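Chain and residue survey
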There are 2 protein chains.
Amino acid sequence: MSETYLSSGVSISAGEETVSKIKSFAKSTFNSNVLSDIGLFGAFYDASFKNFKHPVLVSSVDGVGTKLKVAIAMDKHDTIGQDLVNHCVNDIAVCGAEPLFFLDYVAFGKLIPDKAAKIIEGFAIACKNNNCSLIGGETAEMPGLYEENDYDLSGTIVGVVEKEKIINGKEIKRGDVLIGFQSNGLHTNGYSLARKVLSNIDLHSTPQNFELTLGDELLKIHKSYLSLINALKNNFSIKGFSHITGGGIVGNTLRIIPKGLSLKIDWNGWQLPEIFKLIKTSGNISDEEMRSVFNIGIGLIAVVDKNEVENILRTSESLNEKGIVIGEVV
Amino acid sequence: MSETYLSSGVSISAGEETVSKIKSFAKSTFNSNVLSDIGLFGAFYDASFKNFKHPVLVSSVDGVGTKLKVAIAMDKHDTIGQDLVNHCVNDIAVCGAEPLFFLDYVAFGKLIPDKAAKIIEGFAIACKNNNCSLIGGETAEMPGLYEENDYDLSGTIVGVVEKEKIINGKEIKRGDVLIGFQSNGLHTNGYSLARKVLSNIDLHSTPQNFELTLGDELLKIHKSYLSLINALKNNFSIKGFSHITGGGIVGNTLRIIPKGLSLKIDWNGWQLPEIFKLIKTSGNISDEEMRSVFNIGIGLIAVVDKNEVENILRTSESLNEKGIVIGEVV
């Protein structure tokens, strides 16, 4: 028998069909700084940065963890790419950067062009929403590494910031206030634990006090804080932003707190959202563990001078973002 | 029973141990353009580009396919990261770009800090060899998506090129010559097919005419052509470079050939290396399939004016790179 790439589980035609499906999604995100078409070995992006005195590139790479397993179980593939882009956008926006471009990697057990297109459409949607160009990607078919229905994805974002406007927490001092902004769910963290403790509940059922089915609740798209961050940094002197991902409120905020300082969090300052209550009670999980694994309702923190707090809360409210004073630097 | 992240299969302490192990590897690749330490939300890279009139960023993302399965079977994890970096470096070098920085993503079934450190040491080694900074990465533990011993990795590279020095094949015309440069093995393509047809052969045995065991032969590190490309582009007018990956010699080179032109390859112009002979005979694979799946001995192609061929071959030889005329543009 004559062996082929196809007989070993890799379909070149599925790959080509996928590329043709995703080209238009990617192109829809291009602006005049994108200097190449899809298909060359590299993607070209203009780096003149004419409006910058001293431009600095800010980049970040991430995945979505086992939130993927929920998307796969729900057979819903158009939002997970948005999760990833928004996660990456937040990671560079908290440094003061504007997103420029994004590149994705998606690896499948079996490459199904329609499913791949759904995923990549998600990247494109979120890229457009965040004013970011989807300039490159790699779609791989890896039989034997992934189960046939499984896939993994990762993404890298590159943005730019004026050097003197980098937000890095260096000016944070004792007495500064932590303003927390609401998350809309788990975002992309803690899914391995959540899935384990909720495994007895049908993803299509609606738990008590929930507005959505458990599956839809768990798939809520990781919120982009770009507009909020832009509004705050343009109107106030924000000393530091913290994006609350794995490691929780304290673990992430300590990344920007100067050595010698610490955090005092008022853990009763806001109400635990229903999804986190359900996770906590289902798994009999300690407060300490909940706080280090999940965002428990707070997706972004701004560290600010205490005299700015009131004005910041008012501005946030005008953007429909609820800010809550959740602690201080000690 | 009280559930924790650890009981769901994710170890925060393994994650922290891994980060501390890899910090020094990453730092060893930093230059004065890297403006941040590991641990912030984003990685900072100076984008002044003072020596450029009109800088253009060139980026690319890739994985290593199921070459990973060979690395896992051989329990050898310090080279697969080098494969990935060199693959990415080649993809932007063929566009004329110099590498600036690289970000990696590694996802494990079970995160073992020593294994993760080996992999990431590989990234750092290749980054240093290619004058590139390893400025960011994400290490994920995803029980249930990957088998305990399995992992996947992807990487994104960003480089820079002077706009007027972009190499994109636009000036290629009929009669131009294709010079092929040797690969040192499969590089990172075709492993699903190779593994299938070679599955009866012990990876630790040495097949006839081989200098290495099959496993070591299959794990040979994807060659970086950066030095060769730099020497050629600085001394000659190279119209196009093609990095031979999935799609083979024709599929990849057509990416840079202007519409209306085609390629005539002298398939007997070089000898098929032993590893490809073994794959071909083991799987009774057609010539056509071999040519579209594998590099079959040619890892890089330069498309040049026919009057430059002799000088280019001489220069290449002085760099210990053997160039062979393998075809022409028709």
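Residues numbered from 1 in each chain as written. Chains lettered and ligands numbered in written order. Predicted model: local features only at pLDDT ≥ 70, side-chain atom pairs only at ≥ 80, totals over all residues.

**Quick word on the interface of chain B and chain A**
Contacts between chain B and chain A engage 74 residues on the former and 73 residues on the latter. The element that contributes the greatest number of residues to the side of chain B that touches chain A is strand E2 (residues 55-63) of chain B, accounting for 9 residues. The residue makeup of the side of chain B that touches chain A, split by class, is 37 nonpolar, 25 polar and 12 charged. In terms of strand pairing, strand E1 (residues 43-46) of chain A meets E2 of chain B through 4 bridges, oriented antiparallel. The partner of Asp-46 of chain A across the bridge, within E2 of chain B, is Val-56 of chain B. (Contact = placed C-beta atoms within 7 Å. Helix = DSSP H or I, 4+ residues; strand = E, 2+ residues; numbered from the N terminus. Nonpolar A, V, L, I, M, F, W, Y, C, P; charged D, E, K, R; others polar. Pairing = 2+ DSSP bridges.)

**A short note on the pairing of E2 of chain B**
All names here are of chain B. In terms of burial, E2 is largely enclosed, as 9 of its 9 residues are buried. Taking every second residue as pointing to the same face, both faces of E2 are buried, with Pro-55, Leu-57, Ser-59, Val-61 and Gly-63 on one and Val-56, Val-58, Ser-60 and Asp-62 on the other. One ladder, built from 9 bridges, connects E2 with strand E5 (residues 151-162); its direction is antiparallel. Bridge assignment links Ser-59 to a residue of E5, and that residue is Val-158. (Buried ≥ 20, exposed ≤ 12 C-beta atoms within 10 Å, placed from the backbone.)

**What about the pairing of strand E10 (residues 323-329) of chain A?**
All names here are of chain A. As defined by bridge partners, strand E6 (residues 177-182) adjoins E10 across 5 bridges and the pair is classed as antiparallel. Paired with Leu-178 across the bridge in E10 is Gly-327. As judged from the 3 bridges shared by strand E8 (residues 263-265) and E10, these two strands associate in the antiparallel manner. Bridge pairing in E10 places Ile-265 opposite Gly-327.

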